[in-house]
Amino acid sequence: MALVPWLSLALLSVLLWWPGGWPGPLAPEFLALSVLGGSLLGGRRAFVLLLPLACTLLQAERQLADRLPESVAGQDFLLQGQVCDFPRRSGRALRFPVILDPRHSTPGLPDRVQLAWYDLADAPQPGERWQLLVRLRPPRTLASPGAFDGERAALVTATGARGYVRKSVLNRRLADTGWDCPTLLLRRWVAGRVAAATGAQRGAGYLLALTVGARHQLGTHDWDRLRRTGTAHLMAISGLHIGLLAGVALLVARGVGYSLVRFRCPLSPRPFALVAALLAACSYAALAGFALPTRRALLMLCVWSVLSLASRGVGAWGTLTAALWLVLVTDGLAVLTTGFWLSFGAVAVLLTATLASGRDETRSSLVQRLRSLGDAQWRVFVGLAPIAALSFGELPLVSPIANLVAVPLFGIAILPLAMLGVTLVALNGPAAPLRWAAELLGWLLEWLDWLDLGAWATPVLPFWYLPLAAIGTVALLWPRPLPARWLAVSLLPAVLLLEPRPPPPGQLRVQILDVGQGLAVILRTRSHTLVYDTGPAFGAGDAGRAVVLPALRRSGARRVDAIVVSHADLDHAGGVTSLHAAYPAAVVLAPDVASLDVPAVNCRRDQQWVWDGIEFRFLHPAPAFLRGSRNDRSCVLLVQGPRVSVLLPGDVSQRGEASLAPQLPATGIDLVVAPHHGSATSSSASFVTRSRPRYVVFTAGYRNRWGFPRPDVAARWRRTGACLLNTAHEGALLFDMRDGRLALRRRHRRASARAWTRPPGAAWCGAGDTTL
């Protein structure tokens with residue numbers, strides 16, 4: 001019976017992560033096999049096995065059905081609702097979720113939407129109710145390797161639409177306050193007291209995240225520091241924080257209970273301490289807004305407390321198993337979050353090590369306990385390395401050392417001081433503990449900056465590699481003699497050191513990324529990498545950081561030799577600063593170096609070089625165009641090799657195309673990125689005819705306001721017999737050599753499709769194309 005919940009987790013993981021998801025052709029057979037397996041296990045075991053599957057599928061279907069229909073995407077709606085989190089500043093926009101009031105909103109809208117409000121004068125506050133005129137669309141993500149999966153996050157958080165607030169006289173703050181987010185008003189009040197007490201101290205923003213789960217003051221640099229040192233989990237209130245606070249409350253309450261017993265008070269210290277720990281944990285979870293990790297941790301603590309009060313000797317593994325099953329039943333979609341796997345994985349690693357070693361830590365000396373603490377950090381780092389590599393694509397090198405100091409400091413000083421300070425300021429008492437906690441956080445941050453050695457980038461790992469990594473990890477961490485340990489351990493480096501093989505000499509690999517309305521292309525030869533354009537800037541970030549860098553790391557590219565910025569428009573040059581910061585040795589080429597914030601050299605017509613048998617040559621800009629429009633000054637790059645040719649024309653217009661046509665090879669082009677995203681100002685009939693491409697890629701944003709690619713432009717390219725592809729529908733596109741010719745190998749949106757992703761649009765290919 002103890003293994004059945006873990007079997008249910010395995011079945012649920014396969015069902016949720018299966019390509020195409022449960023609506024796919026294998027889902028009925030999979031469910032039939034699950035029911036058959038459950039019937040073979042017997043009544044209670046079948047119930048334990050199948051209930052999480054049924055509850056999770058019902059939850060997922062309900063939340064998917066609550067998404068905004070595609071047919072009304074891009075329309076304006078009038079809604080009323082409550083701001084249900086702390087608004088977060090992102091560039092010019094303020095971003096916040098809203099829980100809708102269906103009585104005063106347009107019928108048919110989702111229950112929860114995520115909004116951005118640009119250039120507003122009167123910022124909404126957490127817990128306020130507003131009437132807003134908004135433009136909405138269904139959740140959509142940039143489908144590139146390593147990019148953030150916004151559609152999966154929307155499913156987990158039950159967000160049915162995203163959009164922005166329109167300028168309108170209808171936008172107004174409502175007088176009454178709603179109860180859709182009952183703890184938010186308390187959190188807002190406490191956050192105000194904490195902010196007033198800590199002022200401009202360096203750790204003030206971190207203290208808000210630690211006390212009330214308000215992470216809106218943490219910027220990109222803050223998260224980078226935490227990510228590179230492996231301490232980001234400290235800023236997400238979860239099992240560590242709930243457990244630490246409950247442990248402190250348990251010790252204090254137990255001491256109080258025994259003191260009361262000495263005064264002949266009719267009180268049992270053990271139940272009194274357990275109830276006090278639960279109350280402390282529930283209060284902390286309420287301050288954190290009962291976020292998903294907090295609810296999961298609270299549920300695990302409740303299971304442990306109930307079993308302890310009932311004197312059921314199920315042991316640590318039994319408690320963990322019961323908590324796992326309850327989490328799967330109440331919130332099975334947590335399986336889609338990295339936090340779920342990290343939290344349960346960390347506990348499982350520690351329990352395995354403790355039970356296998358047979359040591360009783362309660363009877364150990366101080367030195368032995370410190371040694372055990374270091375051993376625990378090492379085991380957690382190694383045990384969770386496959387999950388971190390699969391989820392984040394990198395491993396923080398200093399994580400064991402950073403957590404060896406940070407976790408005890410949080411448990412002994414920072415968290416108790418923070419909670420004591422919150423209690424005191426809530427009672428109008430002194431705020432000194434909050435200031436002390438913020439000061440300790442500031443010292444910790446300075447130490448983490450000194451310790452930071454960066455992170456080791458890992459290539460993209462298929463999901464079927466995870467069981468192999470798990471076997472190697474268990475064999476490495478098992479403290480007792482284990483037969484054939486060396487054979488199992490050898491699986492771990494084989495998995496984590498796996499990298500995609502570069503192209504053979506004389507061959508080319510082209511990856512056109514989905515960066516929204518913009519352009520970014522990665523070209524790889526045997527030993528060189530070139531990035532053509534770096535995508536747009538958006539909000540407080542850019543595509544270079546959010547899309548291009550993860551794609552480079554997942555592709556196995558350890559260095560970038562050259563970065564070509566076709567021209568200075570933000571949809572092409574928005575990420576060049578982030579990319580150059582990550583690869584400072586890369587040469588940056590651009591038509592106008594003064595328009596960039598990084599050192600660069602000019603690209604000019606007839607510049608050329610050869611890498612591994614592949615020739616790179618600029619066809620443009622010619623001297624006559626250097627004083628023309630920014631688009632017509634685009635660096636146009638022609639890449640040629642044995643039986644392969646690729647043309648990257650930037651945003652060049654029809655006037656510039658006229659100078660390009662005579663320079664194109666007479667045999668035609670294998671792959672052309674459509675000039676200016678398919679605008680009507682480009683792709684002239686003569687240029688299209690001269691190109692005669694096999695593939696044409698439009699790098700346009702999903703439902704972009706310009707209507708790119710224009711229908712007449714697409715029709716013009718279609719008449720050549722080329723295969724037409726759009727990154728807005730297909731996601732990132734990978735082209736590789738096949739049978740001596742460049743061919744489409746992967747469409748990321750199709751290859752990574754799950755139940756929560758929108759299906760890709762239909763591509764049009766000529767009758768002669770056999771690769772699709």
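Going by the structure above, here's the rest.
One structure accompanies this document, and this report is about it. These numbers were taken from a predicted model, which means no experiment stands behind them.

Procedures and definitions
- Residues numbered from 1 in each chain as written.
- Predicted model: local features only at pLDDT ≥ 70, side-chain atom pairs only at ≥ 80, totals over all residues.
- Heavy atoms only, no water.
- Patch = residues over 30% accessible without salt bridge, like charges linked within 9 Å, V, L, I, M, F, W, Y side chains within 5 Å.
- Areas by Shrake-Rupley, 256 points an atom, 1.4 Å probe, with all protein chains shown as cover.
- Salt bridge = Lys/Arg side-chain N within 4 Å of Asp/Glu carboxyl O.
- Helix = DSSP H or I, 4+ residues; strand = E, 2+ residues; numbered from the N terminus.
- Contact = heavy atoms within 4.5 Å.
- Pairing = 2+ DSSP bridges.
- Disulfide = S-S within 2.5 Å.
- Buried < 20%, exposed > 50% of the residue type's maximum accessible area, 1.4 Å probe, protein only.

## Description of a nonpolar patch on the surface
Together, Val248, Val252, Val256 and Leu260 give the surface a local cluster of nonpolar side chains, amounting to about 280 Å² of exposed area. Within the secondary structure, Val252 is located in helix 8 (residues 239-262).

## Points about the environment of Asp569
Here Asp569 is to be found in the loop between strand 15 (562-564) and helix 20 (570-573). Asp569 sits 32 residues away from Ala537 along the chain, and the two C-alpha atoms are 9.9 Å apart. Those residues in contact with Asp569 that lie beyond four places of it in its chain are Gly574, Arg630, Asn631 and Asp651.

## Some thoughts on the sheet that holds strand 10 (residues 509-512)
One open sheet accounts for eight strands, arranged 17-16-15-12-11-10-25-26; its pairing is mixed. This sheet does not close on itself; its edge strands, each paired only once, are strand 17 (601-602) and strand 26 (741-747). Pairing of strand 12 (residues 529-534) with strand 15 involves three bridges; the strand directions are parallel. Along strand 15, the bridge assignment pairs Leu530 with Ala562.

## Here's the deal with the state of the cysteines
Tallied over the entire structure, the rule returns one disulfide. Disulfide partner of Cys603: Cys635, at an S-S distance of 1.7 Å. An S-S torsion of about -75 degrees defines the bridge between Cys603 and Cys635 as left-handed. Residue Cys603 is found in the loop between strand 17 and strand 18 (608-611), and its partner Cys635 is found in the loop between strand 19 (614-620) and strand 20 (636-641); the two are separated by 32 residues along the sequence. Given a relative accessible area of 0%, Cys603 falls into the buried group. We classify Cys635 as buried; its relative accessible area is 0%. Looking at Cys282, it has no disulfide partner, and the nearest cysteine sulfur is the one in Cys302, 5.4 Å off. Residue Cys282 is classed as partly exposed on the basis of its relative accessible area of 31%.

Geometric values such as these leave the question of function open.
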